[in-house]
Amino acid sequence: MILNTLSALVLPETFSPYFKSKTVAAKTILLEDGAVARHAFLIKNGCLRLWFNDHGRDITFQFFFEGEFVSSLESFRSGLPSNFFLESIEPSMLECITKKDFQSIIEKSDQVKNEVEEHIFQRLVFYQQLFLSRIRDNPEQRYKNMLTQYPKILQRVPQHYIASYLGITSVSLSRIRNRK
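Rules of the game
Residues numbered from 1 in each chain as written. Predicted model: local features only at pLDDT ≥ 70, side-chain atom pairs only at ≥ 80, totals over all residues. Heavy atoms only, no water. Helix = DSSP H or I, 4+ residues; strand = E, 2+ residues; numbered from the N terminus. Buried < 20%, exposed > 50% of the residue type's maximum accessible area, 1.4 Å probe, protein only. Contact = heavy atoms within 4.5 Å. Areas by Shrake-Rupley, 256 points an atom, 1.4 Å probe, with all protein chains shown as cover. Salt bridge = Lys/Arg side-chain N within 4 Å of Asp/Glu carboxyl O. Pairing = 2+ DSSP bridges. Axes fitted to C-alpha atoms, helices over the stretch in contact; angles between N-to-C directions. Phe/Tyr/Trp six-rings, centres within 6.5 Å; stacked < 30°, edge-to-face > 60°. 1 Å grid on protein atoms, 1.4 Å probe; cavity = no way out; pocket = protein on both sides within 12 Å on 5 of 7 lines; lining within 4 Å. Points joined across faces, edges and corners; volume = space filled by probe spheres on them. Nonpolar A, V, L, I, M, F, W, Y, C, P; charged D, E, K, R; others polar. Core = buried A, V, L, I, M, F, W, Y, C linked by side-chain atoms within 4.5 Å.

Colleague: Help me understand the overall build of the protein chain, please; the structure alone is not making it clear to me.
Modeller: Across its full length, the protein chain holds 7 helices and 8 strands. Oriented by its inertia axes, the alpha-carbon framework of the protein chain measures out at about 55 × 30 × 30 Å. Counting over 180 residues, the protein chain shows a buried share of 45%. For the protein chain, contacts bridging at least 24 residues in sequence account for 76% of all contacts bridging at least 6. Carbon together with sulfur atoms contributes 54% to the accessible area of the protein chain, which is approximately 9,500 Å² in total.

In structure tokens form, the structure reads like this:
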């Protein structure tokens, strides 16, 4: 299971005026389920997560760290309501860009356009592998894969979000961790 191998977008310095700096506290909702994504974020420092509410259960399905670009890409591109929340896990420094400004950059730079296409492709691969892992792997195997592929998550993400990501309860995660 690949947890998060999405590449960071490398934007030429000439595009920095399009971005606005934003500092947010931990647990800040940047996008709500049902809202249209009007901004995308480049993480300078911090950690964000994408999650949705499944009949009262909080389901995390992706984490993002420094250098990564995140939004509800589907909503940001299409203008349709997002199916999930985007929230900071820890205090974060972000660079925000509007859809209009982002589109302007893509129109001006084939390099950035190609990087965005690659980013979207990698995100599609990530979702496919996440889906297959949920079908194929048991929770303990998903946890072991996370340990080897992305140990940073264990250092920076609270246990209840990790459990949510793995599709298990915090109690089950504690049992798995104690089996080492």
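There is more to say after this.
Colleague: So what exactly am I meant to see when it comes to the pattern of salt bridges here?
Modeller: Side-chain pairing between opposite charges can occur once the charged atoms of the two side chains come close. All told, the structure shown has 8 salt bridges when counted by the stated rule. Here the residues in one salt-bridge network are Arg-49, Asp-58 and Glu-87, joined through shared partners.

Colleague: Hey, could you run me through the sheet that holds strand 3 (residues 39-45) in this one?
Modeller: The strands that make up a sheet pair up through hydrogen bonds in the backbone, lying either parallel or antiparallel. Judged by pairing direction, the sheet is antiparallel, and its 4 strands sit side by side in the order 1-8-3-6 without closing on themselves. The sheet is open, and its two borders are formed by strand 1 (20-24) and strand 6 (69-70), each paired with just one other strand. Direction of pairing for strand 3 relative to strand 6: antiparallel, over a ladder of 2 bridges. In the strand pairing of strand 6, Phe-41 is matched with Val-70. Together, strand 6 and strand 8 (92-98) form the strand contacts of helix 2 (residues 99-108), whose direction differs from that of strand 8 by roughly 75 degrees.

Colleague: Before we go on, may I ask you to explain the packing of aromatic side chains in this structure?
Modeller: How two aromatic rings sit relative to each other is given by the distance of their centres and the angle of their planes. A complete count under the given rule lists 10 aromatic pairs for this structure. Between the aromatic rings of Phe-52 and Phe-61, the centroid separation amounts to 6.1 Å while the plane-to-plane angle is 50 degrees, which identifies the pairing as tilted. Where Phe-65 meets Tyr-150, the ring centres are 5.5 Å apart and the plane angle is 35 degrees; that geometry is what we call tilted. Pair noted here: Phe-65 is in the loop between strand 5 (57-64) and strand 6 and Tyr-150 is in the loop between helix 4 (139-149) and helix 5 (152-156), with a separation of 85 residues, a long-range link. Residue class for Tyr-150 comes out buried when judged on its relative accessible area of 16%. Taken together, Phe-52, Phe-61, Phe-84, Phe-126 and Tyr-127 form an aromatic cluster joined through their ring pairs.

Colleague: Could you clarify how one ought to interpret the layout of surface pockets in this entry?
Modeller: Think of a ball as big as a water molecule: rolled over the atoms, this probe shows where empty space is left. Roughly 430 Å³ of volume is contained in the largest pocket. In terms of lining, the largest pocket is formed by 18 residues, of which the most central are Leu-73, Arg-77, Phe-102, Val-116 and Ile-120. A per-element tally of the lining of the largest pocket places helix 3 (residues 110-136) first, with 8 residues. Residues of the lining of the largest pocket, tallied by class, amount to 10 nonpolar, 2 polar and 6 charged.

Colleague: Would you explain the sheet that holds strand 2 (residues 29-31) in this entry?
Modeller: Taken together, the 4 strands give an open sheet; going across it, the order is 2-7-4-5, and neighbouring strands pair in antiparallel fashion. Here the strands that pair on one side only, and so sit at the sheet edges, are strand 2 and strand 5. Averaged over all pairs of adjacent strands, the angle between strand axes in this sheet comes to 35 degrees, irrespective of strand direction. Of the pairings in the sheet, the one linking strand 4 (residues 48-54) to strand 7 (residues 85-88) comprises 4 bridges and is antiparallel in character. Residue pairing for strand 7: Arg-49 is matched across the bridge by Glu-87. Against the sheet, helix 3 contacts strand 4 and strand 5, and its axis sits at roughly 135 degrees relative to strand 5.

Colleague: How should the nonpolar core be read in this particular structure?
Modeller: Side chains of a nonpolar character, in soluble globular proteins, are inclined to be buried together. Ranked by size, the top nonpolar core spans 47 residues in total, and within it Leu-48, Phe-63, Leu-86, Ile-97, Ile-153, Val-157 and Leu-166 carry the most contacts. Per-element tally for this core: the top contributor is helix 6 (residues 159-166), with 5 residues. Excluding residues that lie within four positions of it along the chain, Ile-97 makes contacts with Tyr-18, Phe-19, Arg-38, His-39, Ala-40, Phe-69, Phe-76, Phe-102 and Ile-105.

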